Amino acid sequence: AHFSAAKKPLTGRHVLVTAGPTHEPIDPVRYIANRSSGRQGFAIAGALARMGARVTLVAGPVALDTPPGVTRIDVETACQMADAADKALPADAAVCVAAVADWRTSDEASGKLKKSQDGLPHLNLVENPDILARLSSGGKRRPGLVVGFAAETDDVVNHAMAKRLRKGCDWIVANDVSVESGVMGGGDNTVHLVTDTGVEDWPTLPKQAVAERLAERIAGALS
Ligand code: CTP
Ligand code: CA
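As the structure is a prediction and not an experimental result, all values here were calculated from the model.

## Focus on the overall build of the protein
Counting its secondary structure elements, the protein contains five helices and 14 strands. For 223 residues, the compact-globule estimate of 2.2 N^0.38 gives 17 Å, and the C-alpha radius of gyration of the protein, at 18 Å, lies within 12% of that figure. With the C-alpha coordinates aligned to their principal axes, the bounding extent of the protein is approximately 70 × 35 × 35 Å. Across the 223 residues that make up the protein, the buried fraction comes to 45%. Residue pairs in contact within the protein that sit at least 24 positions apart in sequence constitute 63% of those at least 6 positions apart. Carbon and sulfur atoms provide 50% of the accessible area of the protein, an area that totals close to 11700 Å².

Set out below in structure tokens:
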């Protein structure tokens, strides 16, 4: 089939997408993780590919098929995700949808921890690399457009505006993940797009439609 340039406006562009959770091992049988199905990130990767982009999708552990035309790199931990994202550069745009675990244990146990009479095990936590902040401050290697996501349970837009400035990214897609919103694990998403010029409230849409709308906005910004 032939697609016109208008339909494939991202032809020749490379976009990096992170998606899914990360798993930070505690011992061989346990890990710390965020709640994330990966569906929104995979939908975004697919939508970008359909618009002609070369897409590198760095994915944490999820049970999803790779969208057609997308190059997928599977990782488990935040450190692996940060390395894979770095290796995927240069990119024209980066979209960080992953729910990266903020902390990992500094000392993964080589054997399974056992319950004991002596009390609870102690987990020593250290902070994980911030992939979005790192991409945003990437100097010459910085993608021209860096987009982050912010999952918030209250005061969604204000937190997202502060997060945009703190991370140094261009846009934040803020989503309401309060239990009442039903976003976690559901098929729909209610988001607000926070840019340097203001805040757009998008209607509640299927994650696929959010993905297409965002891909179109990215194409517009890169054109
Ligand atoms: N992110 C990232 N690497 C991390 C943490 C977060 O790339 N180590 C990205 C996420 O993919 C998302 C954005 O940063 O695009 C915001 O994530 P969020 O967890 O909301 O931000 P944090 O700075 O971790 O703040 P919070 O304390 O609210 O968790
Ligand atoms: Ca976080």
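## As for the site of ligand 1
Taken together, 14 residues sit near ligand 1, with Cys96, Ala98, Pro129, Lys163 and Lys167 positioned nearest. Leu132 has a polar backbone atom sitting 2.9 Å from an oxygen atom of ligand 1. Going through the elements one at a time, helix H3 (131-136), strand E9 (145-152) and helix H4 (156-167) are the ones with two or more residues in the shell around ligand 1. Class assignment for the residues of the shell around ligand 1 results in eight nonpolar, one polar and five charged.

## Some points on the nonpolar core
By size, the foremost hydrophobic cluster in this structure holds 37 residues, and its most contacted members are Val17, Leu48, Val95, Leu214 and Ile218. Setting aside residues no more than four positions away along its own chain, Val95 makes contact with Val15, Leu16, Val17, Thr18, Ile44, Val147, Phe149, Leu214 and Ile218. Among the nonpolar cores identified, the runner-up in size contains 24 residues, and Leu132, Val156, Ala160 and Cys169 belong to it.

## Comments concerning the coordination of the calcium ion (ligand 2)
Under perfect tetrahedral coordination by four donors, a metal shows angles of 109.5 degrees; under perfect octahedral coordination by six donors, it shows angles of 90 or 180 degrees. The protein atoms that coordinate the calcium ion (ligand 2) are Asp102 (OD) and Asp102 (OD), at distances of 2.5 Å. Tracing the sequence through the fold places Asp102 in the loop between strand E6 (93-96) and strand E7 (103-105).

## Describing helix H5 (residues 207-222)
For H5, built from 16 residues, the straight-helix expectation of 22 Å at 1.5 Å per residue is met to within 8% by its first-to-last C-alpha distance of 22 Å. Every buried residue of H5 is listed here: Lys207, Val210, Ala211, Leu214, Ala215, Ile218, Ala219 and Leu222.

## Digging into the sheet that holds strand E1 (residues 14-19)
Here eight strands make up an open sheet; going across it, the order is E5-E4-E1-E6-E9-E10-E12-E13 and the pairing mixed. Either end of the sheet is taken by a strand with one partner, and the two such strands are strand E5 (70-74) and strand E13 (198-201). On average, each strand axis in the sheet is tilted by 15° relative to the strand beside it, whichever way the strands run. Two elements, strand E10 (residues 171-176) and strand E12 (residues 191-195), share four bridges in a ladder whose sense is antiparallel. Note that in E12 the partner of Ile172 across the bridge is Val194.

## Remarks on the packing of helix H1 (residues 39-50) against H5
Between two packed helices, the angle of one axis relative to the other and the distance separating the axes together describe the packing. It is the contact of H1 with H5, at a shortest axis distance of 8 Å, that shows an interaxial angle of 45°. Accordingly, the angle class assigned to the pair H1 and H5 is oblique. H1 and H5 meet at a crossing whose hand is right-handed. Here Arg39, Gln40, Ala43, Ile44, Ala47, Leu48 and Arg50 of H1 come into contact with H5, specifically with Lys207, Gln208, Val210, Ala211, Glu212, Leu214, Ala215 and Ile218. Among the residues forming the contact of H1 with H5, the class breakdown is nine nonpolar, two polar and four charged.

## Some thoughts on the packing of aromatic side chains
Under the definition given, this model contains zero aromatic pairs. Over the ring of Trp202 we find Arg213, and its NZ or CZ is 4.8 Å from the ring centre. Looking at Arg217, its charged tip hangs above the ring of Trp171, at a distance of 5.8 Å from the centre.

## Description of the UniProt feature "binding site: CTP" (unreviewed entry) in the protein
The sites that UniProt annotates as "binding site: CTP" (unreviewed entry) are Asp102, Lys112, Pro129, Asp130, Ile131, Leu132, Phe149, Lys163 and Lys167. Maximum C-alpha separation among the annotated residues is 37.3 Å over a sequence range of 66 residues, too wide for a single clustered spot. Take Asp102: its relative accessible area is 47%, and that puts it in the partly exposed class. Summarising the element assignment, Lys167 is placed in helix H4. Setting aside anything within four residues of it in sequence, one finds Lys167 in contact with Asp130, Leu132, Ala133 and Ser136. A distance of 2.5 Å separates the side chain of Lys167 from the side chain of Asp130, its partner in a polar contact.

What counts and how
Throughout this description, residue numbers start from 1 for each chain and increase along the sequence as written. Written order determines the labels here, with chains lettered from A and ligands numbered from 1. Predicted model: local features are reported for residues with pLDDT of at least 70 only, side-chain atom pairs are reported and counted for 80 or more only, and whole-chain, interface and lining totals are derived from all residues. Only hydrogens and water are set aside when side-chain values are computed; all heavy atoms of the structure are taken into account. Secondary structure is summarised from DSSP: a helix means a run of H or I of at least four residues, a strand means a run of E of at least two, and numbering begins at the N terminus for each. Between the two quantities, the radius of gyration covers C-alpha atoms and the globule rule is 2.2 Å times the number of residues to the power 0.38. We call a residue buried when its accessible area falls under 20% of the maximum for its residue type, exposed when it is over 50%, and partly exposed in between, using a 1.4 Å probe and counting protein chains only. Contacts were defined at the residue level, with two residues in contact if any of their heavy atoms lie within 4.5 Å. All accessible areas in this document rest on Shrake-Rupley with a 1.4 Å probe, and a residue is counted as covered only by the protein chains that are shown. Note on definitions. A residue lies near a molecule or strand when any single heavy atom of the residue is within 4 Å of it. Any pair of N or O atoms that falls within 3.5 Å is considered a polar contact. Within protein, one atom must be able to donate a hydrogen and the other to accept it, and sequence-neighbouring residues count only if both atoms are side-chain atoms. Three categories are distinguished: nonpolar for Ala, Val, Leu, Ile, Met, Phe, Trp, Tyr, Cys and Pro, charged for Asp, Glu, Lys and Arg, and polar for the others, with Gly belonging to the last. Throughout this description, the term nonpolar core refers to a set of buried Ala, Val, Leu, Ile, Met, Phe, Trp, Tyr and Cys residues connected via side-chain atoms within 4.5 Å. Because no water is among the atoms considered, metal sites can look incomplete, with donors defined as N, O and S atoms within 2.8 Å of the metal, or 3.2 Å for Na, K and Ca. The span one expects for a helix is its residue count, reduced by one, times 1.5 Å. Here, any two strands with at least 2 DSSP bridges between them count as paired. Whenever a helix is involved, its axis is fitted only over the stretch in contact; in every case the axis is a line through C-alpha atoms, and angles between N-to-C directions fall within 0 to 180 degrees. An angle below 35 degrees is treated as roughly parallel, one above 145 as roughly antiparallel, one from 65 to 115 as roughly perpendicular, and anything else as oblique. Crossings are sorted by hand: turned counterclockwise from the far helix by less than a right angle, the near helix makes the crossing left-handed, and turned clockwise it makes it right-handed. Geometry of aromatic contacts follows a simple scheme: Phe, Tyr and Trp rings, the Trp one being its six-membered ring, pair when their centres are within 6.5 Å, and the pair is stacked under 30 degrees between planes, edge-to-face over 60, tilted otherwise. Here, over-ring charges are defined by two tests on the NZ atom of lysine or the CZ atom of arginine: distance to the ring centre within 6 Å, and angle to the ring normal within 35 degrees. UniProt positions are given in the numbering used here, feature names are shortened, and annotations may be inferred rather than shown by experiment.

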